[in-house]
Amino acid sequence: MSIVTVQLGQCGNQIGHEVFNALCSDIRGTHGLCSKKENESYHDSCKERFFCEEESGVPVARAVLVDMEPKVISQTLSMAARSGHWKYNSHSHFCQKQGSGNNWANGYSVHGPRHKEAIMNLVQKEAEKCDRLGGFFTMMSMAGGTGSGLGAFVTQCLRDAFPASFILNHVVWPYGTGEVIVQNYNSVLTLSHLYQSSDALLVHENDVIHKICAQLMNIKQISFRDVNQVIAHQLGAVFQPTHTVGEGSGYSRNPLGDLMETLVPHPEFKLLGLRNIPQMPENSLAYSTFSWPGLIKHLRQMLIANAKMEEGIDWQVRPPHQGSSMPSTNKPLHFNTSIANLVILRGKDVHGVDLGSFQDPSLYTSWLNPQDAFSAWKTPRAFNKYEKSASLVSNSQFLLKPLDSIVGKAWNMFASKAYLHQYTKFGIQEEDFLDCFTTLEQVISSYTNL
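The rules behind the values
Residues numbered from 1 in each chain as written. Predicted model: local features only at pLDDT ≥ 70, side-chain atom pairs only at ≥ 80, totals over all residues. Heavy atoms only, no water. Pairing = 2+ DSSP bridges. Helix = DSSP H or I, 4+ residues; strand = E, 2+ residues; numbered from the N terminus. Axes fitted to C-alpha atoms, helices over the stretch in contact; angles between N-to-C directions. Parallel < 35°, antiparallel > 145°, perpendicular 65-115°, else oblique. Left-handed = near helix turned anticlockwise from the far one by under 90°. Contact = heavy atoms within 4.5 Å. Nonpolar A, V, L, I, M, F, W, Y, C, P; charged D, E, K, R; others polar. Domains from an automatic or database assignment. Buried area = accessible area lost by both parts, 1.4 Å probe. Polar contact = N/O pair within 3.5 Å; in protein donor to acceptor, adjacent residues only side chain to side chain. Buried < 20%, exposed > 50% of the residue type's maximum accessible area, 1.4 Å probe, protein only.

Glancing now at the sheet that holds strand 2 (residues 51–52). Spatially, the three strands line up as an open sheet ordered 2-3-5, and their pairing is mixed. Across the chains shown, the open sheet's two edge strands, defined by having one partner strand only, are strand 2 and strand 5 (87–88). Pairing of strand 3 (residues 60–61) with strand 5, which is carried by two bridges, proceeds in the parallel orientation. Counterpart to Val-60 in the pairing with strand 5 is Lys-87.

Direction vectors running N to C along helix 13 (residues 400–415) and helix 15 (residues 430–448) enclose 155 degrees, while the axes themselves pass 10 Å from each other. Relative to helix 15, helix 13 is oriented roughly antiparallel. In this structure, helix 13 meets helix 15 at a crossing whose hand is left-handed. Every residue of helix 15 that contacts helix 13 at Leu-400, Leu-403, Asp-404, Val-407, Ala-410, Trp-411 and Phe-414 is listed here: Glu-430, Phe-433, Leu-434, Phe-437, Leu-440, Glu-441, Val-443, Ile-444, Tyr-447 and Thr-448. Along the lines of polarity and charge, the residues of the contact of helix 13 with helix 15 split into 13 nonpolar, one polar and three charged.

A few words on the domain arrangement of the chain. Once the domains are mapped, the chain shows domain 1 (2–271), domain 2 (282–323 + 332–399) and domain 3 (401–449). Look at where the C-alpha atoms of domain 1 and domain 3 centre, and you get two points 26 Å apart. Counting residues at the interface gives 29 residues for domain 1, matched by 24 residues for domain 3. At the boundary of domain 1 with domain 3, total buried surface from both sides reaches about 2400 Å², with 74% on carbon and sulfur atoms. Of all residues in domain 1, the largest losses of buried area upon contact with domain 3 belong to Asn-184, Tyr-185 and Val-188, amounting jointly to 29% of the total for that side. At the boundary of domain 1 and domain 3, one finds nine residue pairs in polar contact (both at pLDDT 80 or more). Take the side of domain 1 that touches domain 3: its biggest share by element is eleven residues, from helix 6 (residues 183–197).

Before going further, it helps to spend a moment on unusual backbone geometry. Across the junction of Ile-277 and Pro-278, the peptide omega takes the value -10 degrees, indicating a cis bond. Summarising the element assignment, Pro-278 is placed in the loop between strand 11 (271–277) and helix 10 (282–285). Here Asn-102, not a glycine, exhibits a phi torsion of approximately 55 degrees, which is positive. If you trace the backbone, Asn-102 turns up in the loop between strand 6 (93–95) and helix 4 (104–128). Given a relative accessible area of 37%, Asn-102 falls into the partly exposed group. In this structure, Lys-385 takes a positive phi of about 75 degrees despite not being glycine. Looking at where Lys-385 falls in the secondary structure, it is placed in the loop between strand 13 (374–379) and strand 14 (388–396). Look at Lys-385 and you get partly exposed, because its relative accessible area is 42%.

So this is what it looks like as structure tokens:
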């Protein structure tokens, strides 16, 4: 099944470009480390998911690019075309001249309704090119105006126009120290609206990715491009083809549907976090060897201790003892409770890997059977030059702290009515803010009580 990607705003368009780059360089690479037949079916499956073929033989990304200023889109289109390995459809983009000025209300209440028809026509055309439409993958940031405000509006339009399709929003969480003074407002408005119309939100935190660039990739002067490449690598490690266990020999048909089925058992819990190991500079790969038991042990501890990367994990954190039936308030400090987890393994000898440690009932909330709460996808085909790699997509308390913090900061500004006039002039009233706070307080409370 095919996925139509919708790239929104500067951040969404830049990350989208890096994602298609990563997918393309992965399928072009000769480093598959698997049989020719396996490599070919992986190749075909990826192509069907993310690209459509043109007569010229150059794969064309199944994507719609939307921004309210032209600069980033024109750069993105020309960079893709110059690569020679893939390109965007020259008609699948929509941009204007004026931008949204980092104002969520401007993107949501003004640009959204004004340009709805043009944007949804482009989406409809891309969807019609798919033999089987698996759903939509939107990419956006929460801090600015276009990605967040217009992104929330477009997600609602997708839900109305394609009620039976899956919608996964990829959301970039702003730096804690902040790029934009009103980013907490924009984030609260975005998250609460997406919670209504999306099937799941896959979140990357800028601060975390920045740390990975500095500490694991050893990059001295970190640019947005470096950050985006790490995000793209992690997304590729999830969305490239895999065998979902019990599917016989073929690659999974419907990645978005499989993801929702395994990770979102209840509509109150839609926040997904992503961890990927190992990550290192390319020139170190030749000198590194990894064993599956080592990778799995690290990944599991990253999960229960809520560690962002494989360096600096707190190994003291242990799951609570089974049978002690403690109320959730007495849980061991810092222990991260999960609703559902998905582990994705790529590379040599994957089929013999023991994942029993992820099936420990004490990792999960009591209202789900641990057999249903854990899934594994595997493929012997290596990903992007890594002989062995493991990813974890987790619906757990990963995002509780950052969510609590962003809602708290936004509430403090709201209480003193700071900058509210910038939103009310575009029709977003105080009641709308209050509704959004209520929605997110409910999400925080649900995740806290796991």
